[in-house]
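Summary of the model geometry
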Amino acid sequence: MEPSAYRSLAFLFSLGTMPIACGPKGGDTSDGTADPTDGTTNSTTGTTDGTSTATTSTTGEPTTGPTTGDASETSGAHPACAAYAAYHVECNPDSLTPVTEVYAYCAVVRTRVEAIYGPTCLAIQDALFECLENSPCLSDACEADYTALQQCWPEASAGCVAFAAKSEECYGMPLPIDAAGHCQQYVNAHAYYYGAPCGSAYEEWYACLIDLPCPEFEMQAGCDDLKAAVDLACESA
């Protein structure tokens, strides 16, 4: 990990779309995550030179560019975001965007991380931001915190635990130890971006797939009515 990666808001963009994989087939979705029934990984990226690139998401999250300003402008901000803003201002003295925009985007990302990855991962992210504030700009002093965040997944529901076990059984190959967490991240991401009914529809479809014989499970065939309900719930959001 290059130390310069810490200086970029691309780091923030990456948190909501960390790669996931829950099965051995290929395929992706339109929101930058991977379908646990397909097992691909996808992630968004940005630059690592103190700038970032991204598009506005379906939740209306803002795009941002380089940042500048006085970190004191974030008075009243969440301590973790104030810490990140202070670090970013110090390490990007020539940037142009007000620091208030850095904080505003950080606040959005905190909400997203909590919703998709849960409070444990959010606490790790906050600890990383606080570490960055107290570290030199060109330093890997926070590498351990960054690695912990990249390896953090939400606590898996019983359904995702069962789905991961079914995948391992049917494909006859061991899955990563955090496969169930990957599955939960996928469900949570759809609930966050497309609404709770979308997330619930995925959970019901997976519950049906789990009860199928392995050949049907592998083909995702036999629960067509619930798959149609997924399409309806997630496309209408």
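Provided above is the structure to which this section pertains.
Read on for a plain summary of the structure. All figures in this text were calculated on a predicted structure; none of them were measured in a lab.

Remarks on the overall build of the protein chain
In terms of regular secondary structure, the protein chain is built from 10 helices and zero strands. Overall, the protein chain shows an N-to-C arrangement of helices and strands of α-α-α-α-α-α-α-α-α-α. Counting over 237 residues, the protein chain shows a buried share of 48%. Put simply, of all contacts in the protein chain between residues at least 6 apart along the chain, 69% involve residues at least 24 apart. By element, 55% of the accessible surface of the protein chain is carried by carbon and sulfur atoms, the whole surface being about 10500 Å².

Observations regarding the pattern of salt bridges
Counted by the stated rule, this structure contains two salt bridges. Note that Asp231 is salt-bridged to Lys227, the shortest N-O span being 2.8 Å. Remark: Lys227 and Asp231 occur in helix H10 (residues 224-235); sequence separation between them is four residues, near one turn of the helix. Among the residues examined, Asp231 registers a relative accessible area of 30% and is labelled partly exposed.

Some thoughts on the packing of aromatic side chains
Two measures describe an aromatic ring pair: the distance that separates the ring centres and the angle between the ring planes. Taken as a whole and judged by the stated rule, the model has 10 aromatic pairs. Aromatic pair Tyr117 and Trp153: ring centres 6.1 Å apart, planes at 45°, arrangement tilted. Of this pair, Tyr117 sits in helix H3 (residues 99-117) while Trp153 sits in the loop between helix H5 (143-150) and helix H6 (158-171), and the two are 36 residues apart along the sequence. Residue Tyr117 is classed as buried on the basis of its relative accessible area, which comes to 2%.

Describing H3
A rise of 1.5 Å per residue sets the reference length of H3, with its 19 residues, at 27 Å; its end C-alpha atoms lie 26 Å apart and thus fit the reference within 8%. Directly beyond the C-terminal end of H3, a positive phi value near 95° is found at Gly118.

Section: the state of the cysteines
Tallied over the entire structure, the rule returns eight disulfides. Between the sulfur atoms of Cys121 and its disulfide partner Cys152 the distance amounts to 1.9 Å. Handedness of the Cys121-Cys152 disulfide follows from its S-S torsion of about -90°: it is left-handed. Of this pair, Cys121 sits in helix H4 (residues 119-133) while Cys152 sits in the loop between H5 and H6; the two residues are 31 residues apart in sequence, bridging distant segments of the chain.

So, the nonpolar core
Core analysis: the largest hydrophobic core is formed by 32 residues, its most contacted members being Phe163, Tyr202, Trp205, Tyr206 and Leu209. Those elements that place two or more of their residues in this core are H3, H4, H6, helix H7 (179-194), helix H8 (196-210), helix H9 (214-219) and H10. Here this core takes seven residues from H8, the largest share from any one element. Filtering out sequence-adjacent residues up to four positions away, Tyr202 remains in contact with Tyr186, Val187, His190, Val230 and Cys234. Formed by 18 residues, the second largest nonpolar core is a distinct cluster that contains Tyr84, Ala85, Val89 and Cys142.

Things to note about H6
Between the first and last C-alpha of H6 there are 20 Å, a value that for 14 residues agrees with the 20 Å anticipated at 1.5 Å per step. Considered for burial, the residues of H6 that qualify are Cys160, Phe163, Ala164, Lys166, Ser167 and Cys170. Here the buried residues of H6 occupy an arc of 160° about the axis, which is enough to place them on one side. Away from its buried face, by an angle of more than 90 degrees, H6 presents the exposed residues Ala158 and Glu169. Check the buried side of H6 and you find it contacts H7, H8 and H9. In the stretch just after H6, Gly172 is the one whose phi turns positive, near 60°.

So, how was this worked out
- Residues numbered from 1 in each chain as written.
- Predicted model: local features only at pLDDT ≥ 70, side-chain atom pairs only at ≥ 80, totals over all residues.
- Heavy atoms only, no water.
- Helix = DSSP H or I, 4+ residues; strand = E, 2+ residues; numbered from the N terminus.
- Buried < 20%, exposed > 50% of the residue type's maximum accessible area, 1.4 Å probe, protein only.
- Contact = heavy atoms within 4.5 Å.
- Areas by Shrake-Rupley, 256 points an atom, 1.4 Å probe, with all protein chains shown as cover.
- Salt bridge = Lys/Arg side-chain N within 4 Å of Asp/Glu carboxyl O.
- Phe/Tyr/Trp six-rings, centres within 6.5 Å; stacked < 30°, edge-to-face > 60°.
- Expected span 1.5 Å × (residues − 1).
- Disulfide = S-S within 2.5 Å.
- Core = buried A, V, L, I, M, F, W, Y, C linked by side-chain atoms within 4.5 Å.
- Arc of directions from axis to C-beta.

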